[in-house]
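Geometric and topological summary
Here's the letter readout for the chains.
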Amino acid sequence: MSNKEINLEISHVPQGRLGLWILIAGELMIFGGLIACYLLYRIRFPEWANDAAHTSTLIGAINTIVLLSSSFTVVKAHEAAQKRDYKNITKYMTITIFCGLLFLVFKSIEYITEIHEGHTLVSSEFFSFYFLMTGLHGLHVVAGMVTMLVVMLGARKGENLHRVELAGMYWHMVDLIWIFLFPLLYIAK
Amino acid sequence: MNILPKNVSTYGQEIDSLFWLITTFALIAFVISLFVLIYPLFKYRQRAGVKAEYFTGEKKTHFKWVAIALIALALSDFIIMYAEHDAWVTIEGLPAQQDFHVGVTGRQWNWIFTYPGPDGKLGTADDVVVDEQNSELHVPVNKNIIFDLRARDVVHSFFIVNTRLKQDALPGRVVTRWFNITVEGKYDISCSQICGVLHAKMRNYVVAESQEKFDAYIKALYDNNKPKI
Amino acid sequence: MENTHKISFVNKYLFSTDHKTIGAQYTIMGVLMAAVGGFLAYIFRYNLAFPGQNIPLFGALGPQQYNSFVTIHGMIMVFWVGMPVLLAGFGNFLIPMMIGTDDMAFPTLNMMSFWIFFLSAVILLASFFVPGGAFGGGWTMYPPLSANGYMVRDPNFLSALLSGSSLLILAVALEFVAMLMGGINFLVTTFNKRTKGMTAFRVPLVVWYINIAAVIFMFSVGPLVAGAFMLLFDVVLGTGFYDPARGGDPILFQHLFWFFGHPEVYVLLLPSLGVLAEVIPVFSRKPLFAYKKLVYLALLSAVLSVVVWAHHQFIAGIDPRMATFFSIGTIIISIPFAGIFLSFMATLWGGSIRFKLPMLWALGFIALFLIGGLTGLFLGSNAFDIYAHDTYFVVTHFHYTLFPDIFFGFFAAFYFWFPKFSGRTLNNTLGHLHFWLTFVFFNCTWFVLFFNGLAGQHRRIHDYSAFSNFSGGIYQTFEKFSTIGAICLILTQFIFLINVIMSMSKKKNAVKNPWEATTLEWVADSPPPHGNFPVMPEVFRGPYDYSVPGEAKDFLPQNQQ
Ligand SMILES: [Cu+2]
Ligand SMILES: [Cu+2]
């Protein structure tokens, strides 16, 4: 890697990575706040379990697997970027984006079934939280995919390879949040 | 002009003496700090040929002065905390002797008063509700009045200046507090939490009166209420 | 430098990525918003002094307008004046200059940050013109009042979206995003772009404090962003996160709000304290007292700032035992701040004090803040707070802290660094007039209102006619006195405006280092060109080497060997 791309400065952390760490910390505080509120309510109102029973653990589990495997491919993409292996970067990042797409498709199927069953944003407090948290997370998935696409188009031509790692970090965060949401919204019944 | 308005409750005196205690501490701290701030402005102003002293304050001998001041501040803080603790527990807790129980509910924009009906119990069908602007909450004087505070629409705050009591009323919650008015009279109840357009007009009264007058008021209330049931 | 080729006006002034231009944009925007906030204050103060009368330059003021003006005044002064001027303005101007670098770590992000901030201000001001007017439920936005859409109780999605409360939530959310982007920039820049030799304890205190403020902001704002989403959903989409009838809890929002709201006070306070830490040593010709300890004290207060929030809710019906815990927390957090102020005062002792304008503002800041801090003793005591909460006592207390913080802090910085960043000098006489009148009229405006507060006068009341002891007599006289003070205070600021306009129309005549200060920004030209330094200076010493024994000059610049 050329010096220009990875700008090692005083803290010995490249500044893109440092900035992204701070951004991720901020995002985690937002989701942390939401999750804390949700937990406080769940503890106070055990009857929410009745509503929670209507979420599809199966699709949730499939989506967890989809996201986890996409985290793996994004690591692969990063490895490829370190080797300046443009072909593999493109390959693994495409798979990652595809996984994100798959996640969104499953999520939409879930949403549609739930709304058909009468569980909407306003039907109960649990589903308000459910739609708010998964919806916000979904937006992050979309944002992650768009970032990934932009980075990939550049990396294919060998531009800004360090961004592959940054996009990957963001994607890991999206993953991590889901790892918290899945047990809280799907498994706890 | 009195700085604090007339106190008419049993525990108001505790708040007032707390005020004077804190004022004493604050004034002492104020005078000392002002001296520390202003004295050097005269003593150490720029003079021809006089160079400033060089010390960084990192040494213990220098910083100890700040440390001593901070410890003094912390000490006075804890003295205040100690002094206020009883007042806090008295006001926020409930007295053992509970003479009369009423319900108070905030709504846009007046306080609703609920008296127990002839059965003497609150929360039963025969409760009498007074829901009017400018209405009065009648209570016997020198009695421990327990009230359940609720809010119907938004957050309100029940405030009787002369008793020094303030408590937010929250939708979906019941907060139980008490007061004991020792001087007969009519005092303002205001709402001190902004609650909408006519927040300024949210004003009722508490009327503390002798037991006889109070009994007569309640009786009249029951009589007026009867036909409606 | 790339300055040699011509940059178009749009790129130079509007979409510039230069930290100094962005700092100026933030500052100018903050000052403009302060004018709006001040005008609102004028309107409702006039109404309080002369209830029901037509207000000059405005007209009649209804209760709904009164409520929204009070609310938006608070919002503007905290989020659209304090934050842009103190955090974003100081941060952008000072950080790159003081650590010796050419620009921020992410210049484009920096530019976007300002334009998002600009958008948020537009949305806020637009909310005055929607049906029902701007939100009027207090700057704390407690639900259910805010969740009901305040005025518009129409289930219609569009009218709820365009209601005062949802626009306010939206504006605040965007403002948070802008400040978060700025904060990322400050932290990364300070971490990564320091010049050679600029070790952690050679960084001027103001840079430390801006960064600590940015960290506090980022840590505390997250849960409120989550809470704001929930509130926005309640307003616009009809969820019931805070609606007790549907299993929600309005107190939850209060916790989220104050979990942010109290640390926010320190976000506003720390940058200004940092300015004092730069100004006072320069005009005392003495090293800052206990520089390293001041860093640690601020870090300590940053940690403590997230465990005191519920002292705003002593009477909100929280568990009384919890109140004791938060009362102790509040006492403990006052200690580091007292330590910071005492160290500033200790810096004066043994100095050679020059009463230049920045110094006057700094000293005025300390004097006023002393009153603000000590009245905090009353409110930190949970038992007395039962009485004083939501009265003028609280309002007066926080104006005695926030006014010196935002305005004295800003003016101290302005008079100090204006020659550096504009290359021009200000008129000294007008400057003195501005300071002394501001100081006097501020006290006229606020001091008497302590007595109104102690008399139990509750706040946010359009018209006290329902309360006989406040609608006439001495307390009404105090209201009038305060209003006259406030009008004079506002008029005084025109002196400042005239001074700035006069100096901007003159030639650039500022020297490089007019105050004989040591930090790196004084090494650069006045004004500093794009890129700041021709060659990045190397740093050999700490930021406060004044009157070092055995040296010929009484200051040693950081880049001097
Ligand atoms: Cu009210
Ligand atoms: Cu606070």
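Residues take numbers from 1 onward in each chain, read along the sequence in its written order. Note on labels: chains are lettered from A, ligands numbered from 1, in written order. For this predicted model, a pLDDT threshold of at least 70 governs which residues receive local features, and a threshold of 80 or more governs which side-chain atom pairs are given and counted, while totals over whole chains, interfaces and linings are taken from all residues. In computing side-chain values, all of the structure's heavy atoms are included and hydrogens and water are not.

**Describing the overall build of chain C**
Helices and strands together make up the secondary structure of chain C, namely 16 helices and zero strands. The C-alpha radius of gyration of chain C comes to 23 Å, within 12% of the 24 Å expected for a compact globule of 561 residues. Overall, chain C is about 70 × 50 × 50 Å in size when its C-alpha atoms are taken along their principal axes. Taken over 561 residues, chain C has a buried fraction of 69%. Only DSSP runs of H or I with at least four residues qualify as helices, and only runs of E with at least two residues qualify as strands; both kinds are numbered from the N terminus onward. Atoms counted for the radius of gyration: C-alpha only. Globule rule: 2.2 Å times residue count to the power 0.38. For every residue, the accessible area (1.4 Å probe, protein chains only) is compared with the maximum for its type, and the residue is labelled buried under 20%, exposed over 50%, or partly exposed between those bounds.

**Re the overall build of chain B**
Secondary structure summary: chain B contains three helices and 10 strands in total. N-terminal to C-terminal, the α/β element order of chain B is α-α-β-β-β-β-β-β-β-β-β-β-α. Taking 2.2 N^0.38 as the reference for a compact globule, 229 residues should give roughly 17 Å; the C-alpha atoms of chain B span a radius of gyration of 26 Å, well beyond that estimate. Each principal axis of the C-alpha distribution contributes one length, and for chain B these read about 95 × 40 × 35 Å. Sorting the 229 residues of chain B into buried and exposed places 52% on the buried side. Counted over contacts in chain B with a minimum sequence separation of 6, partners at least 24 positions apart contribute 66%. By the convention used here, residues are in contact when the closest approach between their heavy atoms is within 4.5 Å.

**Regarding the pattern of salt bridges**
We count a salt bridge whenever a side-chain nitrogen from Lys or Arg sits within 4 Å of a carboxyl oxygen from Asp or Glu. Evaluation of the coordinates by the stated rule reveals 22 salt bridges over all chains. When the shortest N-O distance is used, the salt bridge between Asp102(C) and Lys193(C) registers 3.3 Å. With Asp102(C) in the loop between helix H3 (63-99) and helix H4 (107-126) and Lys193(C) in the loop between helix H6 (164-192) and helix H7 (205-237), the pair connects residues that are 91 residues apart, well separated along the chain. Exposure remark for Asp102(C): the relative accessible area of 32% places this residue in the partly exposed category. Exposure remark for Lys193(C): the relative accessible area of 16% places this residue in the buried category. Residues joined in a network through salt bridges with shared partners are Arg44(A), Arg173(B) and Asp249(C).

**Digging into the coordination of the copper ion (ligand 2)**
Residues and elements named next belong to chain C. We call an atom a donor if it is N, O or S and sits within 2.8 Å of the metal, or 3.2 Å for Na, K and Ca. Water is not counted, so some sites may look partial. Binding of the copper ion (ligand 2) to the protein goes through His 262 (ND1), His 311 (NE2) and His 312 (NE2), at separations of 1.6 to 2.0 Å. Between the donor residues of the copper ion (ligand 2), the gaps in sequence give the motif H-x48-H-H. In this pair, His 262 is assigned in helix H8 (residues 250-284) and His 312 in the loop between helix H9 (291-304) and helix H10 (320-348), connecting sequence segments 50 residues apart. Note on His 262: relative accessible area 8%, which makes it buried.

**Section: the coordination of the copper ion (ligand 1)**
All names here are of chain B. Protein coordination at the copper ion (ligand 1) comes from His 156 (ND1), Cys 191 (SG), Cys 195 (SG) and Met 202 (SD), with a distance range of 2.0 to 2.5 Å. Labels for metal geometry use angle windows, namely 85 to 135 degrees for all angles of a four-donor tetrahedral site, and for square planar (four donors) or octahedral (six donors) sites opposite donors over 155 degrees apart plus all others within 65 to 115; sites meeting none of these are irregular. Here the copper ion (ligand 1) is ringed by four donor atoms whose angles at the metal span 94 to 121°, and the overall shape comes out tetrahedral. Owing to a relative accessible area of 0%, Cys 191 belongs among the buried residues under this scheme. When its relative accessible area of 0% is taken as the criterion, Cys 195 is described as buried.

**Some thoughts on the sheet that holds strand S3 (residues 128-130) of chain B**
Residues and elements named next belong to chain B. Pairing between two strands is assigned when DSSP locates at least 2 bridges connecting them. With mixed pairing, the five strands of this open sheet are ordered in space as S3-S2-S1-S5-S8. Unpaired on one side and paired on the other, S3 and strand S8 (175-179) mark the two borders of the sheet. Neighbour to neighbour, the strand axes of the sheet diverge by 25° on average, direction disregarded. The pairing of strand S2 (residues 110-115) with S3 spans three bridges and is antiparallel. Each residue of the ladder has a partner; that of Tyr 115, found in S3, is Val 128. Across the face of the sheet, helix H3 (residues 211-225) comes into contact with strand S1 (100-107), S2 and S3 while running at roughly 100° to S3. Each axis is a line fitted through C-alpha atoms, and for a helix only the stretch in contact is used; angles between axes span 0 to 180 degrees, taken between their N-to-C directions.

**Section: the interface of chain B and chain C**
Listed per partner, the contact involves 82 residues of chain B and 98 residues of chain C. The term buried area refers to how much accessible surface (probe radius 1.4 Å) is lost by two components on association, counted for both of them together. Interface area, chain B with chain C, both sides summed: about 7700 Å², of which 70% is carbon and sulfur. A per-residue breakdown of the area chain B buries against chain C is headed by Tyr54(B), Trp88(B) and Ile194(B), which together make up 10% of the total. If you look at where chain B meets chain C, you find three salt bridges. For Asp463(C), the salt bridge is made with Lys201(B), and the minimal N-O distance between the two is 3.1 Å. A 3.5 Å cut-off defines polar contacts: any pair of N or O atoms within that distance qualifies, except that in protein one atom must be a possible hydrogen donor and the other a possible acceptor, and neighbouring residues in sequence count only when both atoms are side-chain atoms. Connecting chain B to chain C are 23 residue pairs in polar contact (both at pLDDT 80 or more). Secondary-structure elements contributing two or more residues to the side of chain B that touches chain C are helix H1 (12-43), helix H2 (60-92), strand S6 (156-160), strand S7 (165-169) and strand S9 (185-191) of chain B. Across the side of chain B that touches chain C, the residue classes tally to 50 nonpolar, 16 polar and 16 charged. Amino acid classes used here: Ala, Val, Leu, Ile, Met, Phe, Trp, Tyr, Cys and Pro are nonpolar; Asp, Glu, Lys and Arg are charged; the rest, including Gly, are polar.

**Regarding the nonpolar core**
Trp111(B), Phe179(B), Trp80(C), Leu273(C), Phe344(C) and Phe384(C) are the most contacted members of the largest nonpolar core, which has 321 residues in total. Considering each element in turn, this core owes the most residues, 23 residues, to H3(C). Here this core gathers at least three residues from each of two domains, domain 1 (12-92) and domain 2 (100-224) of chain B. If near-sequence neighbours (up to four positions away) are discounted, Leu273(C) is found in contact with Tyr209(C), Phe337(C), Ile340(C), Phe341(C), Phe344(C) and Phe365(C). Core analysis: the second largest hydrophobic core is formed by 11 residues, Phe63(B), Leu70(B), Ile335(C) and Ala346(C) among them. Nonpolar core, defined: a set of buried Ala, Val, Leu, Ile, Met, Phe, Trp, Tyr and Cys residues in which side-chain atoms within 4.5 Å join the residues together. In this entry, domain limits derive from an automatic or database-based domain assignment.

**Notes on a nonpolar patch on the surface**
Residues and elements named next belong to chain C. Residues enter patches when their relative accessible area tops 30% and they take part in no salt bridge; the joining distance is 9 Å for like charges and 5 Å for the nonpolar side chains Val, Leu, Ile, Met, Phe, Trp and Tyr. Here the Shrake-Rupley method, with its probe set to 1.4 Å, supplies the accessible areas, and only the displayed protein chains count as covering residues. On the surface, a nonpolar cluster with roughly 580 Å² of combined accessible area is contributed by Leu 491, Phe 494, Leu 497, Ile 498, Ile 501 and Met 502. On the secondary structure map, Leu 497 appears in helix H16 (residues 473-504). With a relative accessible area of 42%, Leu 497 lands in the partly exposed category.

**Quick notes on the side chain of Asp77(B)**
Examined against the element boundaries, Asp77(B) turns out to sit in helix H2. Here Asp77(B) occupies a buried position and makes no salt bridge, while the nearest side chain of opposite charge, Lys166(B), is found at 20 Å. The contact partners of Asp77(B), leaving out residues within four places of it in the chain, are Ile331(C), Ser334(C), Ile335(C) and Leu377(C). We count Lys and Arg on the positive side and Asp and Glu on the negative side, and we leave His and both chain ends out.

**Let's talk about the sheet that holds S6(B)**
All names here are of chain B. Strand order in this open sheet of five strands is S4-S10-S9-S6-S7, and the pairing throughout is mixed. Edge positions in the sheet fall to strand S4 (136-140) and S7, since each has one partner strand and no second. Strand-to-strand twist of the sheet, defined as the mean angle between neighbouring strand axes without regard to direction, takes the value 25°. In terms of strand pairing, S4 meets strand S10 (residues 203-209) through five bridges, oriented parallel. Across the sheet, residue Leu 137 finds its bridge partner in S10, namely Val 206. Across the sheet, H3 lies against S4 and S10, angled at about 135° from S4, the strand it touches most.

**Digging into the environment of Leu40(A)**
On the secondary structure map, Leu40(A) appears in helix H1 (residues 15-44). A sequence separation of 140 residues divides Leu40(A) from Phe180(A), and the C-alpha atoms of the two residues are 15 Å apart.

**Topic: the packing of aromatic side chains**
All names here are of chain C. Side-chain rings of Phe, Tyr and Trp (the six-membered ring for Trp) are treated as a pair once their centres are within 6.5 Å; stacked means planes under 30 degrees apart, edge-to-face means over 60, and tilted covers the remaining angles. Applying the stated criterion across every chain, the model contains 115 aromatic pairs over all chains. Measuring from centroid to centroid gives 6.3 Å for Phe 114 and Phe 118, while their planes differ by 40°, and the two rings are tilted. Here Phe 114 and its partner Phe 118 are both found in helix H4, four residues apart, which amounts to about one turn of the helix. With a relative accessible area of 31%, Phe 118 lands in the partly exposed category. With a centroid separation of 4.9 Å and an interplanar angle of 85°, the aromatic rings of Phe 257 and Trp 258 are classed as edge-to-face. By relative accessible area, which is 3% here, Phe 257 ends up buried. A residue is classified by how much of its surface remains accessible, and Trp 258, at 8% relative accessible area, is buried. Criterion for a charge above a ring: Arg CZ or Lys NZ at most 6 Å from the ring centre, at most 35 degrees from the ring normal. Over the ring of Phe 555 we find Lys 553, and its NZ or CZ is 4.8 Å from the ring centre.

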